[in-house]
Amino acid sequence: MRAQCLASLGLLVFAGSSYADDLSSALLSKAPPAAASWSYDWTGVYVGGHLGYATGSSDWTATQAGAATPLAGSLDLFNGFNAFGGTGSYLLGLQAGYNHMLPSRVVFGTEADISFPNLLSGNQTISSPLIGLANYQDQVEMSGTVRGRIGYAPGNWLFYATGGFAYSFDHLTRSQIAGVAVGGTAVAGTVEDLFMVPRVGSVVGAGVEFALTPRWMARLEYLYADYGSHSVDFPAGAQRFTSDLTVQTVRVGLDYRLGRGGIDPQIFTKGPDALDLGSFAVHGQTTVVEAYAPPFTSPYIGQKSLTPNQGRETWDATLGLGVKLWRGAEFWFDPSIDQGFGLSATQGVAGFPTATAFRVGASMPYPRLQKYFVRQTIDLGGDTQRVDVGLNQFAGSQTADRLVITIGKFAVTDLFDTNKYANNPRRDFMNLALINAATFDSATDAWGYTYGAAAEWYQGDWTLRGGLFDLSVVPNSTELDQSFAQFQWLGEIERRYELWGHPGKVAVTGFLSRGRMGSFQDAIDLAQATGSSADITAVREYRSRGGVSMNVEQEITPDLGVFMRAGWANDNIEPYEYTDVGRTIAAGIALKGMQWHRPDDTFGLAGILNGISKVHEEFFNDGGLGILIGDGRLPHPGPEQIVEMYYQLPVLASTVTFDYQFIVNPAYNRDRGPVSVLGARWHTEF
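Residue indices follow the written sequence of each chain, beginning from 1 at its first position. Confidence filtering applies because this is a predicted model: local features only for residues at pLDDT of at least 70, side-chain atom pairs given and counted only at 80 or more, and all residues used for totals across whole chains, interfaces and linings. Hydrogens are left out, water is left out, and the side-chain values use all remaining heavy atoms of the structure.

1. Comments concerning the pattern of salt bridges
Phase 1: Think of a salt bridge as a Lys or Arg side-chain nitrogen and an Asp or Glu carboxyl oxygen that are within 4 Å of each other. This model, assessed by the stated rule, comprises 38 salt bridges.
Phase 2: In this structure, aspartate 113 engages arginine 251 in a salt bridge whose closest nitrogen and oxygen atoms are separated by 3.0 Å. Here arginine 251 lies in strand 10 (residues 239–259) and aspartate 113 lies in strand 4 (residues 106–117), a separation of 138 residues in the sequence.
Phase 3: Note on exposure labels: buried denotes an accessible area under 20% of the residue type's maximum, exposed denotes more than 50%, and partly exposed covers the range between, all computed with a 1.4 Å probe on protein chains only. A relative accessible area of 4% means that arginine 251 is categorised as buried. For helices the rule is a DSSP run of H or I covering at least 4 residues; for strands it is a run of E covering at least 2, with both sets numbered from the N terminus onward.

2. Overview of the packing of aromatic side chains
Phase 1: For Phe, Tyr and Trp, rings pair up if their centres lie within 6.5 Å, where Trp contributes its six-membered ring, and each pair is then called stacked (planes under 30 degrees apart), edge-to-face (over 60) or tilted (otherwise). For the coordinates displayed, the defined rule picks out 28 aromatic pairs.
Phase 2: Plain terms: the ring middles of tryptophan 60 and phenylalanine 241 are 5.4 Å apart, the flat faces sit at 45° to each other, and that makes the pair tilted. Residue tryptophan 60 is found in strand 1 (residues 44–62), and its partner phenylalanine 241 is found in strand 10; the two are separated by 181 residues along the sequence.
Phase 3: Among the residues examined, tryptophan 60 registers a relative accessible area of 2% and is labelled buried.
Phase 4: An aromatic cluster is built from Phe84, Phe333, Tyr372, Tyr451 and Phe484, whose rings are joined through pairwise contacts.
Phase 5: Above the plane of the ring of tyrosine 160 lies arginine 149, whose end atom (NZ or CZ) is 4.4 Å from the centre.
Phase 6: Any Lys NZ or Arg CZ found within 6 Å of a ring centre and within 35 degrees of that ring's normal is scored as a charge over the ring. Lying across the ring of tyrosine 300, arginine 633 places its NZ or CZ 4.1 Å from the centre.

3. Looking at empty space enclosed by the protein
Phase 1: Of the two site types, the cavity is a set of points on a 1 Å grid over the protein atoms alone where a 1.4 Å probe fits but cannot get out, and the pocket is an open set with protein on both sides within 12 Å along at least five of seven lines, each lined by residues with an atom within 4 Å of a point. Grid points are joined across faces, edges and corners, and a volume is the space filled by probe spheres set on the points. For the coordinates displayed, the defined rule picks out 3 cavities of 30 Å³ or more.
Phase 2: A volume near 180 Å³ is recorded for the largest cavity.
Phase 3: Ser143, Ala225, Tyr227, Val247 and Thr249 are, among the 19 residues lining the largest cavity, the residues nearest its centre.
Phase 4: Going through the elements one at a time, strand 4, strand 6 (132–152), strand 9 (216–234) and strand 10 are the ones with two or more residues in the lining of the largest cavity.
Phase 5: In this classification, Asp, Glu, Lys and Arg are treated as charged, Ala, Val, Leu, Ile, Met, Phe, Trp, Tyr, Cys and Pro as nonpolar, and every other residue, Gly included, as polar. Residues belonging to the lining of the largest cavity are distributed by class as follows: 11 nonpolar, 6 polar and 2 charged.

4. Describing the side chain of aspartate 601
Phase 1: Within the secondary structure, aspartate 601 is located in strand 24 (residues 598–611).
Phase 2: The criterion used for residue contact is that any of the two residues' heavy atoms lie within 4.5 Å. Ignoring anything within four residues of it in the chain, the contact list for aspartate 601 reads Leu591, Lys592, Gly593, Trp596, Tyr647, Gln648, Leu649 and Pro650.

5. Some remarks on the environment of threonine 125
Phase 1: The topology assignment puts threonine 125 in strand 5 (residues 120–128).
Phase 2: The residues touching threonine 125, leaving out its near neighbours within four places in the chain, are Leu133, Ala134, Asn135 and Ile177.
Phase 3: We define a polar contact as two N or O atoms separated by no more than 3.5 Å, with the added condition that, inside protein, one atom must be a possible hydrogen donor and the other a possible acceptor, whereas residues neighbouring each other in sequence contribute only through side-chain atom pairs. A polar contact of 3.2 Å, which involves the side chain of threonine 125, links it to the side chain of asparagine 135.

6. Focus on helix 5 (residues 614–621)
Phase 1: Along helix 5, the residues classified as buried are Val615, His616, Glu617, Phe619 and Phe620.
Phase 2: Looking at the residues trailing helix 5, positive phi occurs at glycine 623, about 90°.

Don't take any of this as a statement about function, it's just geometry.
Here you go:
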C-alpha cells in the first residue's frame with residue numbers, strides 16, 4: 001500500500017511536469033524570437049513550499065525493572081489518507097536555498113527545509129508481568145534538513161543528488177492500560193507524554209526540477225532520512241525506551257527565485273508574481289492574527305468561558321493550485337498549514353472575536369488538505385463580464401446569464417451568504433457573527449469545510465443557488481459523516497440592483513439540517529430527573545433543524561459601503577456546526593480612505609446583537625455546554641452585544657489591520673464582562 005501511494009504520487013508529478021513542459025513550450029512559442037531559445041539560469045536565491053507523502057519505521061527496545069531481557073518491537077509510521085477526517089501521512093513544508101550554475105551547467109547548491117506531518121505516527125501495545133499492559137506511541141511533530149545539492153541542468157531541467165543533516169522533533173507517549181508497573185507508579189489510566197523530543201541524523205536523496213517561468217520552478221524529490229538511535233525515560237512506567245527512526249518521503253514542490261545575485265527588493269514592495277500559465281495557476285496567502293482580552297469582571301468561570309487577561313495568536317498559510325480541465329471547467333486544490341489557538345481555545349463568546357481561530361488548536365503547525373473541488377461554468381448568454389484573477393479563480397470572462405456547478409470539498413460560505421463588505425476574516429471584519437449570519441448553521445467540519453455539491457443559476461439580476469452538503473459525524477466534529485446520512489439542504493435567492501447609480505444586492509438564505517441533534521428541553525428534563533448537569537449529547541436523536549437569514553449590501557459612494565444581516569434558526573434544537581445563536585442582526589459600514597488621502601486604507605465599523613430562546617437560556621443555566629459557550633450557569637441572561645471597528649492599511653506587499661471589539665454580556669451572561677478584545681492582523685497574498 002505504501003509503495004503504491006508513493007509510486008502513484010511520483011507518476012502524478014511526472015505527469016504534471018510533462019504538462020507544465022507543454023504549457024511552458026506553448027507560452028514560449030508566442031514570445032519574441034529572442035526568447036525561443038530560452039535556457040534557464042539556475043543561479044540564485046529561492047524559497048518555496050512542498051507537499052509529500054511519507055512512510056517510516058521505528059525499531060525499539062524497552063527495559064523492565066528487575067529483568068535482564070528488554071522488551072522489543074517495531075512501529076509502522078505509515079497512515080493512509082482518511083478523506084472524511086483529513087488525516088494521513090502527508091506533509092507540507094517550506095524550503096529555501098541557493099544555487100550556483102557553472103558555465104558547464106553543473107549546478108551546486110545548498111538548501112534548508114522544514115516539514116510538518118499531518119499524522120506520521122505509530123503505536124504498539126505491549127505487556128509483561130512486570131509492566132502490566134501498556135501502549136507506546138511515536139509521532140513525528142516536525143522535521144527538517146540542511147543539505148547540499150549537486151546536479152546537471154540541460155536546458156530548463158535540473159537533475160540532482162542531495163545529502164546532508166536531518167533532524168526531527170517527536171512526541172513520545174507511554175499509556176498504562178491495565179495492571180501496575182513494577183518499580184514505578186503507573187496504574188491504569190496513567191499517560192506519560194514527552195513532547196518535542198529531538199532526533200538528529202542524516203539524509204540522502206535525488207530529484208528533478210523544471211523551470212516553468214524565469215521565476216517559478218517545479219520539483220519532484222525523494223529523500224531517505226535515518227535519525228539513528230535515541231533513548232528516553234518514562235519514570236512512572238519505570239522503563240527506558242531506546243528507538244531508531246527512518247523516514248522515506250516523496251514530495252512535490254514549487255520554488256520561487258528571489259533573485260540572481262541576491263534578493264530582488266521588489267519582493268518586499270510588490271510581493272511575488274503569481275504563477276499563471278494559462279491552463280495552470282498558483283496563488284497563495286498567509287495570515288497572522290493576534291488577539292488579547294484584558295482583565296474583565298468574571299465572578300465565575302465555566303468549562304467554555306472566556307478567560308480574562310489572555311492573549312492568543314493564529315497563523316495559517318494556503319496555496320491554491322488550479323488547472324483548467326476543459327471549456328468552462330476548473331479544478332482547484334488548496335493545501336494549508338495551520339497553527340495557534342483562539343482565545344480560551346476558541347470558546348467563551350457566541351459571536352467569537354476572531355473567525356480565523358481554528359476550533360482544533362495546536363502549538364505546532366500542522367497541514368490540512370482543506371479544499372479540492374471542480375467548478376463548471378456554462379455560459380447561457382447576455383453581456384460578457386470580466387472575471388478577475390484570485391485565489392481559486394482564473395482570470396477570464398463569463399456571460400451574465402450562466403449556470404455554475406461546484407462539486408467537491410469546500411466551504412459552504414464560499415458560495416452562500418457572501419457579502420462584499422463583511423465576508424473574509426483575513427481581509428475585513430474578524431468577528432464570527434459578521435462574516436456570516438450567526439444563525440447560518442452551515443455544514444462544516446471543525447475547520448470550516450465539507451463535501452457537497454451546489455448549483456448557481458444566474459439570470460439577469462437574479463441568482464438562484466441550491467446545494468446538498470455533508471454534516472459532521474456528531475455536532476462540531478473533526479470528522480465528516482462518511483455515509484452522508486446526516487446532511488444539509490441549502491437554498492438562496494439573490495437580487496442585484498442599482499440604487500441612484502450605485503450597486504447593491506439582497507439575498508435570502510435558508511437551510512435545513514438532518515442529523516442526530518439534541519432538544520434543549522429533553523436535556524433539561526433529563527438533568528432534573530438525574531440531578532446532574534444538562535447534557536445535550538445524552539438526548540440526541542435523528543431530527544431536523546432549519547433557519548433563514550437575509551443579507552444586504554449597498555454601495556453609497558465609490559469609497560463607502562453599508563451592509564446588514566439578520567437571521568433566525570430553530571432554537572429549541574442544538575446548533576450543529578457554527579455557533580450558539582438563535583437570532584441575530586448585524587450591520588456596519590466600510591469606508592475607504594479617499595477623504596484623508598489614503599485610498600488604500602479601509603475603516604470598518606459594525607454592531608451585532610445575538611440572542612437565544614428561553615429554553616436555550618435554561619439549558620445553559622443548568623450547566624449545559626454549547627459549541628462555543630458554557631459558563632456552567634446563567635442566572636442573569638441577556639443579549640450578546642458586540643461592536644467591532646478596524647483600520648486596515650497597506651505595508652509594503654501586505655496589509656496590517658488594527659482591530660477593537662467591545663463585547664457586552666459574553667455568552668449571554670450579564671454577570672461577566674463587558675470584554676474588550678484588542679486585535680492585530682498581518683496578511684499577504686499573491
